[in-house]
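# Chain and residue survey
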Amino acid sequence: YAGVFPSISRCNHSCGPNVDSSFDEDTMSMRLFALRPIAAGEQVMISYVGTFLPSESRQEQLEQKYQFTCEC
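Residues numbered from 1 in each chain as written. Predicted model: local features only at pLDDT ≥ 70, side-chain atom pairs only at ≥ 80, totals over all residues. Heavy atoms only, no water.

## Structural notes on the UniProt feature "domain: SET" (unreviewed entry) in the protein
Here, the residues flagged by UniProt with the feature "domain: SET" (unreviewed entry) are residues 9-48. Secondary structure content for residues 9-48 is 0% helix and 40% strand, and the end C-alpha separation is 10 Å. (UniProt positions renumbered as here; feature names shortened; annotations may be inferred. Helix = DSSP H or I, 4+ residues; strand = E, 2+ residues; numbered from the N terminus.)

## Some words on the pattern of salt bridges
Going through the model one piece at a time under the given rule, you end up with 1 salt bridge. In this structure, the salt-bridge partner of Arg36 is Glu42, at a minimum N-O distance of 2.6 Å. (Salt bridge = Lys/Arg side-chain N within 4 Å of Asp/Glu carboxyl O.)

## Focus on the pairing of strand E2 (residues 19-24)
Across 6 bridges, E2 lies against strand E3 (residues 29-34) in antiparallel orientation. The residue bridging Asp20 from the neighbouring strand is Phe33, located in E3. Count of turn residues in the E2/E3 antiparallel hairpin: 4 residues, of which Met28 carries a positive phi of about 55°. (Pairing = 2+ DSSP bridges.)

## Structural notes on the side chain of Arg58
Inspection of the secondary structure assignment puts Arg58 in helix H1 (residues 55-66). Glu56 is the oppositely charged side chain nearest to the buried, salt-bridge-free Arg58, at an N-O distance of 11 Å. Of the polar contacts made by the side chain of Arg58, one reaches the backbone oxygen of Leu53; its length is 2.6 Å. Not counting residues within four places of it along the chain, the set of residues in contact with Arg58 comprises Cys15, Val49, Gly50, Thr51 and Leu53. (Buried < 20%, exposed > 50% of the residue type's maximum accessible area, 1.4 Å probe, protein only. Lys, Arg positive; Asp, Glu negative; His and termini not counted. Polar contact = N/O pair within 3.5 Å; in protein donor to acceptor, adjacent residues only side chain to side chain. Contact = heavy atoms within 4.5 Å.)

Now the structure itself:
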């Protein structure tokens, strides 16, 4: 599937994200859920690639897929 999720697309990348996402095929919707408490005013950050990957692999994927160098 593919979709456009305007609110979720506003999340920036972090290798230590405070939220993750899940896609519900029944409702064709995406939701974010907190991985830890998020303080008022704190930026909501999601990992664009798997956090289980070694740092070098994450950096490589971010460069190839999203054309930026992660500074995490």
